[in-house]
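Given next are the chains, with one letter for each unit.
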Amino acid sequence: MPNYTFVVNGKTVTVDAPADLPMLWALRDKLKVRGPKYGCGINVCKACTSHLDGEAFNPCVTPVSECAGREVTTIEGLADGDELHPVQEAWLEQDVAQCGYCQPGQIMAAVALLKKTKNPTDADIDAIENVCRCGTYFRIREAIKSAAAKMA
Amino acid sequence: MRELGYSALTPDSGLLSVARTPPPSKGFPMARPTTEPPEPGQVGRRRFLTYLVAAPTLTVATKLTADGLAPARADAVVPTLPQPAEILDLGDVLTLSCAPTAGMLVLELTADGRARLQLPRAEVGQGITTATAMLVAEELDLPLDRVDVVLSDARTELLFNQLTGGSNTMRSLYDPVRATAATARARMVAAAGAQWGTDASRLSTRDGAVWAPDGRSASYGVLAGPASRTDLTTGSVAPKAESAHTLVGTPTSRKDARAMVTGTQVYTLDLDVPGANPVMVRRPPTINGTVRKVNNEAAVRAMPGIIDIAVVPTGVAVMAETFGQALDGKNALDVTWGPGTVDGEDNETIKKKLRAAALPFVVPPLLTQYVDGEFDFAFASHAPMESNSAVADVREDSATIWAGLKSPIVAKQTIAQELGLPENKVTVHVQQGGGSFGRRLFFDAALEAAHISKAMKKPVRLMWSRIDDMRHGRARAASYHRIRATFALGQVLTFEHRVASVETDWSHGLGEILTAYAAKLPVGGNLGFAQTVFLLTVKSPYNFGVTTQLLNEVPLKFHTSAWRSVYSANTRGAEEIMVDEIAKKLGKDPVQFRREFVKSDRQRAVLDKVAELGEWGKKMPAGFAQGVAVHGEYKSYTACLVELDARDPKHPRVTKATIAVDVGKPVNPRGVQAQMLGGLTDAISTTLTAGLHIDRGLPLEGSYSQFHYARQKNSPMDVQVHVMPATGDDIGGAGELGLPAPVGAIANAYARATGTRPRSFPITFPVDFDPFPR
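Residues numbered from 1 in each chain as written. Chains lettered and ligands numbered in written order. Predicted model: local features only at pLDDT ≥ 70, side-chain atom pairs only at ≥ 80, totals over all residues. Heavy atoms only, no water.

Draft legend 1. Focus on the overall build of chain A. Secondary structure summary: chain A contains 5 helices and 5 strands in total. Walking chain A from its N terminus toward its C terminus, one meets helices and strands in the order β-β-α-β-β-β-α-α-α-α. Projected onto its principal axes, the C-alpha coordinates of chain A cover approximately 45 × 30 × 25 Å. Per-residue burial over chain A gives 61% buried out of 152 residues. When the 16 basic and 19 acidic side-chain charges of chain A are each reduced to a single mean position, those positions are 4 Å apart. (Helix = DSSP H or I, 4+ residues; strand = E, 2+ residues; numbered from the N terminus. Buried < 20%, exposed > 50% of the residue type's maximum accessible area, 1.4 Å probe, protein only. Lys, Arg positive; Asp, Glu negative; His and termini not counted. Charge placed at Lys NZ, Arg CZ, Asp CG, Glu CD.)

Set out below in structure tokens:
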């Protein structure tokens, strides 16, 4: 099997995997990076949302070969040591999470949005498609707005 | 000091006659009463016996005695006769069933000054680990961040006291957890008093330490050892007066939130069990279909990463190095299948059967004015984000299971039976779950993983694909409703509701609870479990004269499970639509009409609150409307007022929601708000867009792109949840309360905005996708 080398959360790693193995399973099963979650496997629920070279991507439909030589950030790599990212802080302040399973993906999607759009409108937030089956959407919306205000 | 075995912990009451006498428990071989005789603590009407468990540091266990068991009686005289659920509801039954074993609540105080509560419940997002930690922190005067709550393994000695359902956790555990923690505090005080030669009554506790009047202090960590000495006695122990609570009742954030936002919260498939490799299962093309023959096993075994293949009762299991490869292997399998149990069924055949099954009305529409309504609700997948999953390690003579389980005892017993192992050789670890909504009452994945591990002779990490979870997982049963109300002279004379539903599976342990307590239930006759649950949960909040609500089930073998709020979302939702229609016929405003006819002042108060905060009656632009509804259940009350944008009637959006909720005693108002927000989103989804189309014995929907659970773009921009202050009444349920009122409010807003009468739910329900292959 071919080897692929890339950076995950600041650390260079090499995995032995078929070229078409979805990155989600390279992360979860081979590297034991378990923050990104499986929810659908077809880029519909977005629970696995992480960053590839700083942009939101969905590892469940991205072959490991596409990530070679690139930089992957998962939820585990978002905080700076014990210092949380402002979006994570906002999530705590709004007490967003219920079951918590989708929240790594929600947070990574929100961080990606705020990178591009400093002051997102309701319509910008509506465009986030990540499913939250506990229905925490309103608190997510409030958390994104509060993080935007703090990061301004 | 006498060594007491388990039998001494069981209450001396008539209740024992209906509970099996459990075998001596390994977990409590050294339980002793804290004093002779054990001192009672008093909480309200309930008295407790607390025991000291022999351990290096303080460990106490508490049981509820039989005299605390009388359920609260409805004492108001009302024009409509009290319905069963008003006298004793499902939550009361669950509380009753927990009482003989509440003694198994265990609280440890450790040498590092932390408290650790073993919670015999499942945390699936409802926030009970935080709420119970608050109770412990409050009683102990210990900072919340020094309280740990861990989920208990399946413990068969707990009998019925390990079922998470019926919105019952805080109702059943509020008193026992406080009593347990109060005893621990008393022993800390006694230990410090003994060291200092000071009378315990002169000592106080704060910040995790005992303090003397002269300023000396000793931390709980230091006292945890001395406080565990069996020769230490305490006086009578009572929990704090509720009026002295400083943490309980205040909005508090989740204890596990930081783990969740940093990706370190561990769910079942995040566990690393040595040697456990990923497994997925190829499932039949129709529900409950069977494997006849695997036609290409050798070819699939030769695929990259495939480790093993085994036929199990539910399909063909494929183990691989990664889930991605297991999925490829499962998809490549060529299997000849036998028929399932509902192969000929689709949405239309089911609707027809349900219509035929609805019991007839009693009151003919003669002489009086009347309104009739017929409603139907589609199947709805529970669809928790974490799909069905389990880890299992089955050996020759033992088995260990890890899964999110709300009924782990029945899971353990069933798995032991199916594996041919004694129960005490099966260990079931309860993992925190990624959502449930009723789904994890069943243990399908745990049982399947056990079968696969046994067949493959290897530990397994089993994950259901989302498609399988939606198609072969469980769902809320489809239902059909016929409602008739008669009225004259401005009064509603009769209100009849006939519900016909596809059979809901109750085989996860609740059935046994109801059987055990049958003699105490306020429902007579030879009712089945489903009718019993229906009558213990569904009640009309109105004085509508002669009121009857009846359920009849159609025995179709779909995979079902109670879905958040069980029968109430559909049943009460449909009724709230009828209430608007009755009000209209009588020429009354929906809020005024409800104010006039609701039975309870508490119900009226939450209605008034949403009418005020949500500005009921304000002018809305064309295509927009407000809608309102109320609901009462599990001794709690709520009302919801929504604003709906239905300018495009096919794609309506709830733009604003105002909710008021009275749970009697909100332990964590922030958690109660979260539950109501979840109920609102469930209502938005199932009322407007989310349902399953059954086609030739299988749901067509296979992912969130097809089963249209709400997303951010479907969620209101403005939500206000007002938690009513504690009323002094008993604590009520919150987990399921939040769904039925918004169902009615959204449908009523839709009716007003569009001038239609919504009857079939979800309202927008096309097959707008290409179904995945079977």
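Draft legend 2. Seen up close, the overall build of chain B. When helices and strands are tallied, chain B shows 19 helices and 32 strands. Taking all 774 residues of chain B together, the buried fraction comes to 66%. For chain B, the proportion of contacts with a sequence separation of at least 24, taken over those separated by at least 6, is 78%. Roughly 26,600 Å² of accessible area belongs to chain B as shown, and the carbon and sulfur atoms make up 53% of that amount. (Contact = heavy atoms within 4.5 Å. Areas by Shrake-Rupley, 256 points an atom, 1.4 Å probe, with all protein chains shown as cover.)

Draft legend 3. Molecular detail of helix α10 (residues 408-419) of chain B. All names here are of chain B. Between its terminal C-alpha atoms α10 stretches 16 Å, which fits the 16 Å expected from 12 residues at 1.5 Å a residue. Across the 12 residues of α10, 9 count as buried, placing the element largely inside the fold. Where the residues of α10 are buried, they touch β18 (389-394), β19 (399-403), β20 (426-430) and α11 (444-456). Note on α10: the residue one or two positions beyond its end, G420, has a positive phi of about 70°. (Expected span 1.5 Å × (residues − 1).)

Draft legend 4. Layout of the sheet that holds strand β28 (residues 653-662) of chain B. Residue and element names in this part refer to chain B. One open sheet holds the 4 strands; their spatial order is β26-β27-β28-β31, and the pairing between them is mixed. Each edge of the open sheet is held by one strand with a lone partner, namely β26 (624-633) and β31 (718-723). Strand-to-strand twist of the sheet, defined as the mean angle between neighbouring strand axes without regard to direction, takes the value 10°. Bridge count between β26 and strand β27 (residues 636-645): 10 bridges; the pairing is antiparallel. Within the sheet, the bridge partner assigned to H631 lies in β27 and is T638. (Pairing = 2+ DSSP bridges. Axes fitted to C-alpha atoms, helices over the stretch in contact; angles between N-to-C directions.)

Draft legend 5. A look at the sheet that holds strand β8 (residues 204-206) of chain B. All names here are of chain B. The sheet built from 3 strands is open, its strands ordered β8-β9-β10 with antiparallel pairing. Strand pairing shows two members of the sheet lacking a second neighbour, β8 and β10 (217-219), which therefore form its edges. Going from strand to strand, the sheet's axes swing by 25° on average, the running direction of each strand aside. Across 3 bridges, strand β9 (residues 209-211) lies against β10 in antiparallel orientation. Bridge pairing in β10 links W211 to S217. Along the sheet, helix α4 (residues 169-196) contacts β8, β9 and β10; its crossing angle with β9, the most-contacted strand, is approximately 50°.

Draft legend 6. View of the side chain of B:E496. Residues and elements named next belong to chain B. In this structure, E496 sits in strand β24 (residues 491-502). Residue E496 is classed as buried on the basis of its relative accessible area, which comes to 2%. Engagement of the side chain of E496 in a polar contact is seen with the side chain of R498, the distance being 2.9 Å. Not counting residues up to four positions away in its chain, the partners in contact with E496 are F361, V362, V363, R482, I483, R484 and T548. (Polar contact = N/O pair within 3.5 Å; in protein donor to acceptor, adjacent residues only side chain to side chain.)

Draft legend 7. How the structure looks around the confidence of the model for chain B. Residues and elements named next belong to chain B. When pLDDT is averaged along chain B, the result is 88; 86% of the residues meet or exceed 70. Contacts of residues 1-45 to residues separated by more than four positions or lying in other chains number 99 contacts, the stretch itself having pLDDT below 50. Low pLDDT, under 50, characterises residues 64-79; the stretch is placed with 29 contacts to residues that sit more than four places away or in other chains. Both scores are given for the predicted complex: the pTM is 0.91, the ipTM 0.98. (pLDDT = per-residue confidence, 0-100.)

Draft legend 8. Highlighting the pattern of salt bridges. All told, the structure shown has 65 salt bridges over all chains when counted by the stated rule. A:E129 serves as the salt-bridge partner of A:K46, at 3.9 Å between the closest nitrogen and oxygen. One end of the pair, A:K46, is in the loop between α1 (23-30) and β3 (50-52); the other, A:E129, is in the loop between α4 (122-126) and α5 (137-151), and 83 residues separate them in sequence. The salt bridge partner of B:K665 is B:E242, with a shortest N-O separation of 2.8 Å. In this pair, B:K665 is assigned in the loop between β28 and α18 (669-688) and B:E242 in the loop between α5 (220-223) and α6 (257-262), connecting sequence segments 423 residues apart. With a relative accessible area of 12%, B:K665 lands in the buried category. (Salt bridge = Lys/Arg side-chain N within 4 Å of Asp/Glu carboxyl O.)

Draft legend 9. How the structure looks around the nonpolar core. Counting residues in hydrophobic clusters, the biggest one holds 179 residues, and the most contacted among them are A:F6, A:W91 and B:I582. The element that contributes the greatest number of residues to this core is helix α19 (residues 740-754) of chain B, accounting for 8 residues. With sequence-adjacent residues up to four places away left out, B:I582 is seen in contact with B:V371, B:A485, B:F487, B:V492, B:F495, B:F544 and B:F593. Core analysis: the next-biggest nonpolar cluster, separate from the first, contains 49 residues, B:A137, B:M188, B:A190 and B:L203 among them. (Core = buried A, V, L, I, M, F, W, Y, C linked by side-chain atoms within 4.5 Å.)

Draft legend 10. Region of the structure containing the interface of chain B and chain A. Contact residues are listed per partner, giving 63 residues for chain B and 52 residues for chain A. When the two sides are added together, the surface that chain B and chain A hide from each other amounts to roughly 4,800 Å², 57% of it contributed by carbon and sulfur. Summed over the three residues of chain B that lose the most area to chain A, namely B:V261, B:M385 and B:Q712, the buried surface amounts to 17% of that side. Seen at the junction of chain B and chain A, the total is 7 salt bridges. The partner of B:D272 in a salt bridge is A:K32, with the nearest N and O atoms 3.4 Å apart. Linking chain B to chain A there are 30 residue pairs in polar contact (both at pLDDT 80 or more). Counting residues per element, the ones that place at least two in the side of chain B that touches chain A are α6, α8 (323-332), β21 (460-463), α18 and β31 of chain B. Of the residues forming the side of chain B that touches chain A, the biggest block, 8 residues, is contributed by α18(B). Its residues assigned to classes, the side of chain B that touches chain A comprises 25 nonpolar, 24 polar and 14 charged. (Buried area = accessible area lost by both parts, 1.4 Å probe. Nonpolar A, V, L, I, M, F, W, Y, C, P; charged D, E, K, R; others polar.)

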